[in-house]
Every structure is written in C-alpha cells, then in structure tokens.
Number of protein chains: 4
Amino acid sequence: MLIIMNSDATEAQCAEVERVIASLGHESLPVAGASRTAICVVGNDGKVPRGVFAHLPGIKEIVQVTRPYKMVSREVRPDDTVIEVGDVAIGGDEPVILAGPCSVETEATTLEIARQAREAGARLFRAGAYKPRTSPYAFQGLGEEGLHTLAKVREEVGLPVVSEVVDTESLPLMLEHVDVLQVGARNMANYQLLKRLGKVDRPILLKRGLSATFDEWLMAAEYLLANGNEKVILCERGIRTFSQHARNTLDLNVVPLVRRLSHLPIIVDPSHGVGETSRVRPMSRAALAAGAQGLLLEAHVDPSRAYSDGQQTIPIETLAGIVRDAQHLQGLEQLE
Amino acid sequence: MLIIMNSDATEAQCAEVERVIASLGHESLPVAGASRTAICVVGNDGKVPRGVFAHLPGIKEIVQVTRPYKMVSREVRPDDTVIEVGDVAIGGDEPVILAGPCSVETEATTLEIARQAREAGARLFRAGAYKPRTSPYAFQGLGEEGLHTLAKVREEVGLPVVSEVVDTESLPLMLEHVDVLQVGARNMANYQLLKRLGKVDRPILLKRGLSATFDEWLMAAEYLLANGNEKVILCERGIRTFSQHARNTLDLNVVPLVRRLSHLPIIVDPSHGVGETSRVRPMSRAALAAGAQGLLLEAHVDPSRAYSDGQQTIPIETLAGIVRDAQHLQGLEQLE
Amino acid sequence: MLIIMNSDATEAQCAEVERVIASLGHESLPVAGASRTAICVVGNDGKVPRGVFAHLPGIKEIVQVTRPYKMVSREVRPDDTVIEVGDVAIGGDEPVILAGPCSVETEATTLEIARQAREAGARLFRAGAYKPRTSPYAFQGLGEEGLHTLAKVREEVGLPVVSEVVDTESLPLMLEHVDVLQVGARNMANYQLLKRLGKVDRPILLKRGLSATFDEWLMAAEYLLANGNEKVILCERGIRTFSQHARNTLDLNVVPLVRRLSHLPIIVDPSHGVGETSRVRPMSRAALAAGAQGLLLEAHVDPSRAYSDGQQTIPIETLAGIVRDAQHLQGLEQLE
Amino acid sequence: MLIIMNSDATEAQCAEVERVIASLGHESLPVAGASRTAICVVGNDGKVPRGVFAHLPGIKEIVQVTRPYKMVSREVRPDDTVIEVGDVAIGGDEPVILAGPCSVETEATTLEIARQAREAGARLFRAGAYKPRTSPYAFQGLGEEGLHTLAKVREEVGLPVVSEVVDTESLPLMLEHVDVLQVGARNMANYQLLKRLGKVDRPILLKRGLSATFDEWLMAAEYLLANGNEKVILCERGIRTFSQHARNTLDLNVVPLVRRLSHLPIIVDPSHGVGETSRVRPMSRAALAAGAQGLLLEAHVDPSRAYSDGQQTIPIETLAGIVRDAQHLQGLEQLE
C-alpha cells in the first residue's frame, strides 16, 4: 500500500500517518518525490484496511499495489513519465536515438562522430569515459580526460551526453559534465550505487542486468525512485542464455510489458543485444516496432578503428537509415 | 564440399564422382533434390582439392561449404527459396499470415474461425488435430476427426491448412488432408521423423526446439533436405531461458541471421513466443520488422472458449490489425 | 485424485467408480498397472469430496495428489520402486554402474569392452545401436548389426544390455535383444514414443531433456506409468544453460528432489553431464554423494579410438576407480 | 606472457624489461605481488620471442600463458594456494566449514549460533552486516552495529569471521572487524570494488556471479591478484538457468575445473546453490565429493526465526552431520 500525501501536507500530518501504520504492527517508509511525499507500508500489507486512514488530514490518495515494485508501477502513476534532457523528451511521442562510440576517443574523432551523428538524426550523444572491462588488462577508458571531451561535445556540437557511472568516487566529476548517467548491466544490482544515484538530480539510464528477471530490474529502478530520483529510463540490452549465435539474446518481450506495467520510458540497445553490426538495423526496427521509445546505438565514423566494440558498431549511414526507419515505424501508432 | 551434378547427369557419372571421393579416403553422400542431385563429401573435407574433379563429366558446380549445414546454406543456393502452397507464396515478396485455433474444435466453430480469419487477411489456416501435451491426462486433440474438419476448411473456406505431425503412424492420414506439415518444437530433434518427412512431397514447417542452438535448428532442416524434401519453412517460436515474465523468450536475433545464412523462408510464432494475448500484436510487429516472412498466430472467434492455449490466442479483430501492420511494415523495404 | 482399486476389483466395480466421477462433472482415466488398476480423476479435482466414494465396493485407497504427476509420485506409492534386470536391482541398497561405449563397435572390441567393464565392476552394459546425431552426415550407428553384437554381449559376457530406442519401427527388434530401453534426452518429449513404450514389458531408462523442467520430466515418466509400464529409471544427464565450460550443466539438485517426491530410481550420466573425460570421476563421486542410485558411464578399452564421444569416454581403470569410490560413498548412509 | 622478476630485482631492472616490451610494440603491465613483481605483456603476445629477454638481469622466469587469466592460472603458479585465517588453512588438506546465519542478528542469538557452530565443527563464522537486497523495502542488515557483534564473536567464541563488503565507503570499518571479506554474486563484476580490494591485505571470498562464465569469474579474481591481493578464495553458489525447481542451479562442474586450471582454493555454498533446507546436506556431500575445499553454509540455532533466508538455513544438528560427512569423504583421497 502506498499513501500519497498532498503536496502541501505538513510533517505532522506525515508523522500521524506513520504512527497509525505502526499502531497496526506494520512498518512505514517515507519516499520523497520531486513534488510530493508518499508513505509506503512495507511488508505484506494485504491486511491493512483503508478505513483507518479515512479521517486523517493531508492524504491525497491511497493506492493498493499488487506488485513488489511500487513507485515505478503504473498502478501508482497511470501516465507515462516523460524525461526532458535539454530540448529532447524521452518517453514522449517521438522515439529518441542516442548514439556514439563505445568509448570516448580522441577529441577530434569524438567531435567528428558527434557532428555526423547529430546530422544523421541522433538527439543524444553516448560514449564511455569509464569502461568496466572483463579483463584487468583491457583498455579501461580515458577517465577524466574523456569527460572533458564529452563537455566539448555538449558545447561545440550541442548534443546532451550520456555516459556510464561506475562508482561513487567519480560521481561528482560525472555530474559536472554528463547529462544522463548510465548504470551498466553489470552494476544493475549494485544497490549501494543505486541508493546514491537516487539522491542526485540527473536522469538515470538503467540497463537490465544480464540475468535480471523483469521484477528484479524494476526493483532496481524502485531503488532510485524510493531514494528520490524519479527520472529513470529503462534500457533492455539482451540477456544471457544458452544461445550463442549472438552476443546476447535481445529480449524484446519486455518492451510491451514495461509499457503496460510501468510509467517509466523504455529504450533498447540493439548493439549489445545482438553484438554484430549487420544485425543492428533489423533489430533496431524490431525494437521500435515492439514499442520501444528510443534506441541506444554504438556508432562511429569508422567502426574498424573504434577503440572498443567495433564488431557491433554501425557506420553513420546505417544510423541515418535507422532514423528513417523510426519515422516510418511511427505510422504504426495510427493503426491501433 | 558439395558437388552439384547437372540435371541430366547419368548414374554412371555420379558413381564416378563417388569413386574419386572414396579414392581420396573420404565418404560421399548423394543428396537427391527435386531437380538435381548433389554429392556431399562428408567429414572434414578441407583437404580435398577441387582439381581432382576437373576432368569428370556431369558436374555443374563445386561448392565449398564452411558451415556444418550444407544444403540449407545460402553458400549452396544464393537465391531465396519460395514455397508455393495453393496460390500462396511463402518466402516471396509479401509476408504471409497463418492463423487459426491451437486445436481443431467442433466443425461449426472451426469453420467459423476459418471464415473470419480469411476475411481478416490470413492466407493459411492452422489447427492441431494431434496435440503433444505435457500431461498424459490433458486433451490430446481430436485426431482423425480433426483431420476431417480440416478437410472441410480446405473445401468450404478455401484456405490451405497447416497441422502438426507427431509420428509416422498418422502420416498417411495427414498427407491426405493437410497442405503443410508442422514439426513441433518438441520433435525438432526427432531425427527418425525428420528422415521420413524428407521423403514426402509436402512443405514442412519446422519449429525451432526450446533449447536448440541456431546450428542445431539448421541441421534439423538439413535432415529434411538431405533426404530429398527441399520445401522447408523455418519457424522461430521462442526459447527457454531463466526469464519467466513470458512463456518463452522470443529470440528475434535469429531472423536476420537465417535470412543471411540460409535460403529457406523464416516465419515467427509470437503466440508461443510471448504466451500472452496482449503482447502478441507488438511482438508480431517486431518479428516482421526484423525481417520475418510470415507469422503463425493462434486466433479464435472467442479466445475465452478455446480448447487450448486461450491465454495466448488473439481475437479476430487483433488478427485484422496485424494484417494492417504487416502492410505498413512492408514500407520498410523501400528504406534499405 | 487417484482411486486405487483392489487387485481383485471387478470391471463392474471400476465402471461404477467411473460413473460416479462422471456424475460429478469430472473425467476419469483408468491407469492399468502390473498388479492393480487405478482410476485417475482428471482436471482440477480439488472439489471432489472423498465421501461420495465411501460406499463403493472394490476401492482399496483414495490418494489426494497435489502435483501434476500422479502415479510417479511418492504420495501415491511411498516405497522406493526397485527394478530387477537379470540379477541386478536398480533402486535398491547398492548403487549400480552401467557402462560401455557410446556406440556399438566391432564385435571384437565391443565384447572386449564388456568383459573388462564387468571385471571392473559394471553391472549393466550400455552401447547405442541407433544413434540420433545432430548432423545427417554423421555416423548413425550400426543398427540391426549392432543389436546382434549386443545379443552376443548378453550371451558371452553375461551382462544385461541397455540401448537407446529411437522409434517404434525398430522397437520389435530392440525388444528381442535389449534388456533396458533407453529414451534419449532428445526424445523425452516424444509423447507418441512414450505412449508406445508404456505398453511394453521392459524397463525404460528415461533421460531428462536438455531443457526439461523437473515437472516436465516427471510428467514424461507419468506417460509411461499411465500407459501401464511401471519400470521406469530416471536419468539426469545435464541441462543446457549459458555456461559453456562443460558440454552440459549437470543439475545434481534434482537428485535429492527425485528421491523425496518420486518412488522411481534416479541415476546420473556424468559423461554427458560434463562432457570431458578428466572430470567424469569427480562428477561421478558428486552424483553418488548427492544420492544417485546408479551411474551411466561411457567407457572404452581405448577412448582415443571410440566411434563417437571419445572426448568424454573414460578408460577401464577410471571405471574401476569409480566402482571403488561408490563402495566408499555407501558409508555415508550410516552417517544419517 | 608473464615475466616474473626476482624478489630482489631493482626498479631499473623492471624498467628495462618494460622498455624492451615497448620496443616490440606491446604494452606492459606490472603486477605487484606480496613477495615478487611480475610484468604482464598485455594483448596478443603470441608473437613475442622469449629470446629478447635472455640477456636481461633480474628475471626469474618467463611464463607463456594460454588463457585470458594469468596470475590466477596454474600455468603461472603450479602449487595450490593455501590461505591462512587465524589457525585455519583454506585450500590445504582438510575441507573447511564456514557457517552462520544469513544476517547478523541480536548479539545474544549471534553469539549462541557461533558457539554451537564451533562446537559442531565449523572453523569460520559467517554473517552479513550489510545485506544487498532485491527490494529497497527489505531488511538491509544491521550495518555497523552488526560489525560490532561480529567483533564479539571473534573475541568471545574465537572463530574468525567472514562478512560481505558492499562498497568502498564501509570498507575501513569492515577491515577493523572482519577476517575475510566476501564479495557477493551481485558484485562479482563490480570492478571498481575489486580494484580497491586488490589493495587490501585481507583474504577475499569471491562468489561467482549469477550469470558469470567460468572465464569471467576467474578474470574477476585476476582483478584482485593483478592489483596486489593474492589471497582469493573462489566460491561457487549456483547459476541462473531455466530450471526453477531450486533457487539456483548449483554448477558443480566448475569444481574440478578450478582445481585443474587455477591454484586458488574453491569452496561451495550449497545454501544458495539449492535454496532449500532439506537438500543442503546432500548437495554439501556432492560438493565435497567433487573436490571442493570447503563449504559456506547458512546455519542457525532456530532457522524458523532467522532474520533472512530461513527457508535455506540448516539447524545445528545438520551442520554437525555435514562435518561428519566431510570427514568420511576425505577417505576418497586415498582412492585416487
């Protein structure tokens, strides 16, 4: 059960609600949002009668939640969440293309990719400054230097930038230079990091873990919302299965499910989802046709020279083709 | 290595080719097609020099095959295979919708579904007479009676019919009444059945097994072609993974891969692939956008009364919507 | 619900029970056992009151079954099923070793392997005459000739033989020469074959399918028992997962679960379960320690010359070591 | 390639080796161990001829490494690593039992569990002070208070303690009170945390991630060794598969593989590996029989009152039984 307080509810009113919950033998957990406070009744709350709150002042609404996740659920917020990044709206009417190289490269190359990606129709620029790699001996990203290059992209090319956050130590620096903080698949269940990111005022792009169930993924998002950050973009990027004909198994079945059960925007990363350049475009089409509200794409002016993930990076002309596909696929909406 | 003989090659010419292969210490396997014979050099044939065949008469072409599957490979046959069923072409320019109830039901209901499905735009009718069920106590299909009802559908509604073949015993009866023989996911690796079906003159719809790798699936198709049946339609229907938010994990990554590596047509079954009515339409769109050449759909005039699989069966109006989607998605072809 | 009739119950008594079930709106399914008949109330039988059967003659016992499988359940038969093959008891106090080459080889080699395996402590001999292979171009077994060689092993070496049955066509020949019929992982869900094997008087060794859930596996066994064959040995042989450091992932968690929930004997096939000679012995130990009542092992006098599966075939001295391990591990029973 | 320097090699000698590597167009990475320095040639080093280092002073040994992991490989260090914690040796001749509740509980209960566990034969005490939980609303552990209770266990019961480290912020406090730092499955690929733990002088118990391949797991350990911490204990705890009859699929196939390919000790956590009290003992036996050098067990004086994971927690008498099993299973060593 979630008790949503009026936006002008007083602390005393909240405290009274919590007192009543405690008197029933339940625990309460206040969850602070941007514009309102909600009080979550924790544990099996099936037995709490709504009536006991009837006389209390300051309550806007009581929502019975049937799933383990609460604040990310459409039961709690029926309308789509739209996240504004600069002049781009993620989760709105138009699908949004986020593109760029796997890693930040030299300033010249990175700016050139950004310019060409913008021209091809990308609305956000993506590139990793800190790269979590399976091998301690592999290239780990340019770090702070990479962040300065991203700042240049923002300034000179005018695209907002997305980059992966890997720990709390580098977070202050990330917050200076990055518009959207990406949580990678390997960190989806790094709850200490999620708690900290719940307290920043910056959109989070939360990738699904390689073996995360649907509920675990939405619960990871719940960590962010429950700690105060409501700007969360979900990103499907493929799961790990027995099937080895692709780097991962892109699980598009989640797309219409997220759209039904959650108000958060959902985008898809076909680059990691299939892991091979030649299949990125068909899988981009499939993702959008399934209802994805955006795509996260690895793109480069010369994929063969990419610092990392070259085998799944598309050239700019393919990016432009995907943008045209996206426009055509919007026509599906009229066919409902 | 595959040695393709001229269509008018004599038996003596074939025998001579086999003799040469044997003299090199390799085994040969003749594979009979509709209009030609090919001789497959079995085992690791990397060491066989093409030159030794140079002087032999009757040889049309020698193809070096780099994958375990040979006759299903695009290396051997570069052009798409198009399979004609009545006046429908599967694998051609237009995506084909195959629809109908999970099981054959009463004659009246079955005919009614067929009529409405045809009107909505389906080109083939699907329904199971023999149903392989997990429980020995569950409804196992109407059997021969069901086949007679399918014959009525052919006659009175004019749609060709697809139905699952479960053993060789019922095959003669199936051949009398059914236009396309479906091999279910559970029988994909029933090689004895595949060998027998390789000898019939009837298209086979071969579903991917629940845990079949890409290569194993194509090798199952190879059993059919190697035994003489070249009319094979591949069907992705979801694989089994840890992810339990859907009945199966629809693995659309295979669609562009089949189109690249094989000449056989590929269709998708989103009904089993997601297992829930409300997600069948978005996943149908995704399948077609990924490049599928058709859809196999469970549809019913009243899904709530379906004999089996009601939870994933769509009503006729959804079927009609998917047909409209398919037309719109053909526009993607022009965007290449 | 399962209604178990007295061994001397008359047909009229059974018919009366079925009539009462029908009058309650349920279906009944008679399941014939070796020494008794049971009548299964099919479908959701939670609402059937036991009382309505109280006055009926011929009923021995009414068992409320809470799982989808009934006759294989320990709820229905609390005591372990012990299956006698010649003078060997499978499912009894001593673990049983079944060993031999993957495929039947020449008569001389096969007899030599059998002699040495017997001496090392194996109690049954295993070898495939019909081999289901992923590739149509791979060695498919010696067929009938192989069965004659197995007959020789029975005669001259005195070990009962286990061999895989792949279809109903070759079943009569199998029944002539083979003591235990193996159903391979690929045929676990070939329900037509299972129904037919339910009607033969010969023990069945039923391997778990590559992606079969626990319930699906026990339901496959239920097909055998429901059709009249109660001599079923379950065999875990590894499942298919993302993990590729072994041919399969041996799922020993099922061993204590089978022992708790079913009365059927459970053995383990570590050869396929790990797929690599050097790990067969440790995994054999693990299987027995987990409670397996036997092992199915690929063994050869010279694994490097095996017709198939040489990479996972153990030499005879390893087999002898595993037999010693098995004796030591029986000491665990005393520590309960 | 790994170039191992003499323990008294000078910095100049190391620098000279690195200069030669650079002159060949390769990168070098110094990896500092407790008693020696090694210099790793990064990237595809197959082309580096050993001869070029022949004349250089200070080199002890050059090891050609054929796997992605280097320092954890038995190729680099042929002898088993034995890790001393207090008077307990992990990785030595005797299997070691680590036991205790999932979470630290009240001081009284925790001390009581520790006392009884020690008496039953456990050599280390395990309990979580910081608990990573799927739900933000679930009990997250007692935190610092829990660490003080663990300190009491060390003092009053005399068992070394193992507890999970979840971030770098709480690491200083952990180092004060905890003898072995556990990295949980969810943090196995949290490389920032691993890099930091590579710099502490404390044994690390590294659990395998839910979907980690064998190589990824060993590479995670490599992060620790490459950053200077050679005291790493690997722990298999089950992987995520389609199979849902157990909380996880315990993958014992890795046990003999770790023992062959790595010098690090390997233990098994059957509590999470099967997830159900009644199967913990058989799976403990299986793990030890497969070659595990220890067990990590959730145990409690009253599992029904455990703060978390009660369904998989064993009572003390079962713990005592497992200790007896372990002694009996050591007899297998003599049967090699």
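Notes on the structure follow. (Residues numbered from 1 in each chain as written. Chains lettered and ligands numbered in written order. Predicted model: local features only at pLDDT ≥ 70, side-chain atom pairs only at ≥ 80, totals over all residues. Heavy atoms only, no water.)

1. Quick word on the overall build of chain A
Argument step 1. Within chain A, the regular secondary structure consists of ten helices and 15 strands.
Argument step 2. A compact globule built from 336 residues should have a C-alpha radius of gyration of about 20 Å, and chain A, at 21 Å, falls within 12% of that.
Argument step 3. Summarising its shape, the C-alpha atoms of chain A cover approximately 65 × 45 × 40 Å along the three principal directions.
Argument step 4. Residue burial in chain A is summarised as follows: out of 336 residues, 64% are buried.
Argument step 5. Counting only contacts in chain A whose residues sit at least 6 apart along the sequence, the fraction spanning at least 24 positions is 68%.
Argument step 6. With the model as given, the accessible surface of chain A reaches about 11600 Å², and the carbon-plus-sulfur share is 47%.
Argument step 7. Taking the average location of the 35 positive side-chain charges in chain A and that of its 43 negative ones, the two points are 4 Å from each other. (Helix = DSSP H or I, 4+ residues; strand = E, 2+ residues; numbered from the N terminus. Rg over C-alpha atoms; globule rule 2.2 N^0.38 Å. Buried < 20%, exposed > 50% of the residue type's maximum accessible area, 1.4 Å probe, protein only. Contact = heavy atoms within 4.5 Å. Areas by Shrake-Rupley, 256 points an atom, 1.4 Å probe, with all protein chains shown as cover. Lys, Arg positive; Asp, Glu negative; His and termini not counted. Charge placed at Lys NZ, Arg CZ, Asp CG, Glu CD.)

2. Comments concerning unusual backbone geometry
All names here are of chain A.
Argument step 1. Although it is not a glycine, Asp309 sits at a positive phi angle of roughly 60°.
Argument step 2. Topologically, Asp309 is positioned in the loop between β14 (294-300) and β15 (314-315).
Argument step 3. Overall, Asp309 belongs to the buried group, its relative accessible area being 15%.

3. Structural notes on the relation of the copies chain A and chain B
Argument step 1. The transform that puts chain A on chain B rotates by 180° and translates by 0.0 Å along the axis, for an RMSD of 0.0 Å. Each copy turns onto its partner about a two-fold axis. For chain A, the minimum C-alpha distance to the rotation axis belongs to Ala286(A) and amounts to 2.0 Å.
Argument step 2. Taken as a fraction of all interface residues of chain A, those also at the interface in chain B reach 100%, which identifies the copy contact as same-surface. (Least-squares fit on C-alpha atoms with pLDDT ≥ 70 in both.)

4. Topic: the interface of chain A and chain B
Argument step 1. Contacts between the two partners involve 43 residues from chain A, matched on the other side by 43 residues from chain B.
Argument step 2. Both faces considered, chain A and chain B share a buried interface measuring about 3400 Å² in area, 61% of it formed by carbon and sulfur atoms.
Argument step 3. Taken together, chain A and chain B are joined by two salt bridges.
Argument step 4. Two residues, Glu276(B) and Arg260(A), come together in a salt bridge whose shortest N-O distance is 2.5 Å.
Argument step 5. Applying the counting criterion to the chain A and chain B interface returns 19 residue pairs in polar contact (both at pLDDT 80 or more). (Buried area = accessible area lost by both parts, 1.4 Å probe. Salt bridge = Lys/Arg side-chain N within 4 Å of Asp/Glu carboxyl O. Polar contact = N/O pair within 3.5 Å; in protein donor to acceptor, adjacent residues only side chain to side chain.)

5. Some details on the relation of the copies chain D and chain A
Argument step 1. Each copy of the sequence occupies a distinct position, and chain D is placed on chain A by a rotation of 180° and an axial shift of 0.0 Å, giving an RMSD of 0.1 Å.
Argument step 2. A shared binding surface is used by both copies, with 100% of the interface residues of chain D retained as interface residues in chain A.

6. Digging into helix α1 (residues 11-23) of chain B
Residue and element names in this part refer to chain B.
Argument step 1. A rise of 1.5 Å per residue sets the reference length of α1, with its 13 residues, at 18 Å; its end C-alpha atoms lie 18 Å apart and thus fit the reference within 8%.
Argument step 2. Taken residue by residue, α1 has Cys14, Val17, Val20 and Ile21 as its buried positions. When α1 is viewed along its axis, its buried side chains cluster within an angular range of 120° and face the same direction. Exposed positions of α1 whose direction lies more than 90 degrees from the buried face are Glu11, Ala12 and Ser23.
Argument step 3. Just past α1, the residue Gly25 takes up positive phi, approximately 85°. (Expected span 1.5 Å × (residues − 1). Arc of directions from axis to C-beta.)

7. A short note on the nonpolar core
Argument step 1. Residues Leu206(A), Leu252(A), Leu206(B) and Leu252(B) are the most contacted members of the largest nonpolar core, which totals 188 residues.
Argument step 2. The residues touching Leu252(A), leaving out its near neighbours within four places in the chain, are Val268(A), Met283(A), Ala286(A), Ala287(A), Leu252(B), Met283(B) and Ala286(B).
Argument step 3. Listed in part, the 187 residues of the second largest apolar core include Ala189(C), Ala246(C), Ala99(D) and Ile314(D). (Core = buried A, V, L, I, M, F, W, Y, C linked by side-chain atoms within 4.5 Å.)

8. Re the pattern of salt bridges
Argument step 1. One pass over the structure, following the stated rule, counts 84 salt bridges over all chains.
Argument step 2. The closest approach of N and O atoms between Glu107(B) and Lys152(B), which form a salt bridge, is 3.2 Å. You can see Glu107(B) sitting in helix α2 (residues 107-120) and its partner Lys152(B) sitting in helix α3 (residues 144-157), a full 45 residues away along the chain.
Argument step 3. A residue is classified by how much of its surface remains accessible, and Lys152(B), at 28% relative accessible area, is partly exposed.
Argument step 4. Ionic contacts of the salt-bridge type, sharing partners, join the residues Arg74(A), Asp80(A) and Arg259(A) into one network.

9. Topic: the side chain of Arg279(C)
Argument step 1. Mapped onto the secondary structure, Arg279(C) falls in helix α9 (residues 277-290).
Argument step 2. Its relative accessible area of 2% is what places Arg279(C) among the buried residues.
Argument step 3. Within polar-contact distance, the side chain of Arg279(C) engages the side chain of Glu276(C) at 2.5 Å.
Argument step 4. Not counting chain neighbours up to four residues away, the residues in contact with Arg279(C) comprise His245(C), Ala246(C), Val274(C), Asn253(D), Pro256(D), Leu257(D) and Arg260(D).

10. Some remarks on the packing of helix α2 (residues 107-120) of chain A against helix α3 (residues 144-157) of chain A
Any two packed helices are characterised by how steeply their axes cross, that is the angle between the axes, and by the distance between the axes.
Residues and elements named next belong to chain A.
Argument step 1. Remark: α2 packs on α3, axes separated minimally by 10 Å, with the N-to-C direction vectors making an angle of 40°. Relative to α3, the element α2 is oriented oblique. Judged by the sense of rotation from one axis to the other, the crossing of α2 with α3 is right-handed. In this structure, α2 uses Glu107, Thr110, Leu111, Ala114, Arg115 and Arg118 to contact α3, whose residues at the interface are Thr149, Lys152, Val153, Glu156 and Val157.
Argument step 2. Across the contact of α2 with α3, the residue classes break down as four nonpolar, two polar and five charged. (Axes fitted to C-alpha atoms, helices over the stretch in contact; angles between N-to-C directions. Parallel < 35°, antiparallel > 145°, perpendicular 65-115°, else oblique. Left-handed = near helix turned anticlockwise from the far one by under 90°. Nonpolar A, V, L, I, M, F, W, Y, C, P; charged D, E, K, R; others polar.)

11. Here's the deal with the interface of chain D and chain A
Argument step 1. In this assembly, 34 residues from chain D lie in contact with 34 residues from chain A.
Argument step 2. Buried surface at the junction of chain D and chain A, both sides included, amounts to about 2800 Å², of which 55% is carbon and sulfur.
Argument step 3. Its largest share of buried area at the contact with chain A, chain D owes to Thr134(D), Tyr137(D) and Arg240(D), together 25% of the area lost on that side.
Argument step 4. On the surface where chain D and chain A come into contact, there are two salt bridges.

12. Things to note about the packing of aromatic side chains
Residues and elements named next belong to chain A.
Argument step 1. The full count for this structure, using the stated rule, is twelve aromatic pairs over all chains.
Argument step 2. Each ring, one from Phe214 and one from Trp217, has its centre 6.5 Å from the other, and the planes form 85°; the classification is edge-to-face. Of this pair, Phe214 and Trp217 both sit in helix α6 (residues 214-226), three residues apart, which is roughly one turn of that helix. (Phe/Tyr/Trp six-rings, centres within 6.5 Å; stacked < 30°, edge-to-face > 60°.)

13. Considering helix α2 (residues 107-120) of chain C
Each α-helix turn comprises 3.6 residues. Residues three or four places apart therefore point the same way.
Residue and element names in this part refer to chain C.
Argument step 1. The end-to-end C-alpha separation of α2 is 20 Å, in line with the 20 Å expected for 14 residues at 1.5 Å each.
Argument step 2. Within α2, the full set of buried residues consists of Thr109, Thr110, Leu111, Ile113, Ala114, Ala117 and Ala120.
Argument step 3. Directly after α2, the chain includes Gly121, whose backbone phi takes a positive value near 120°.

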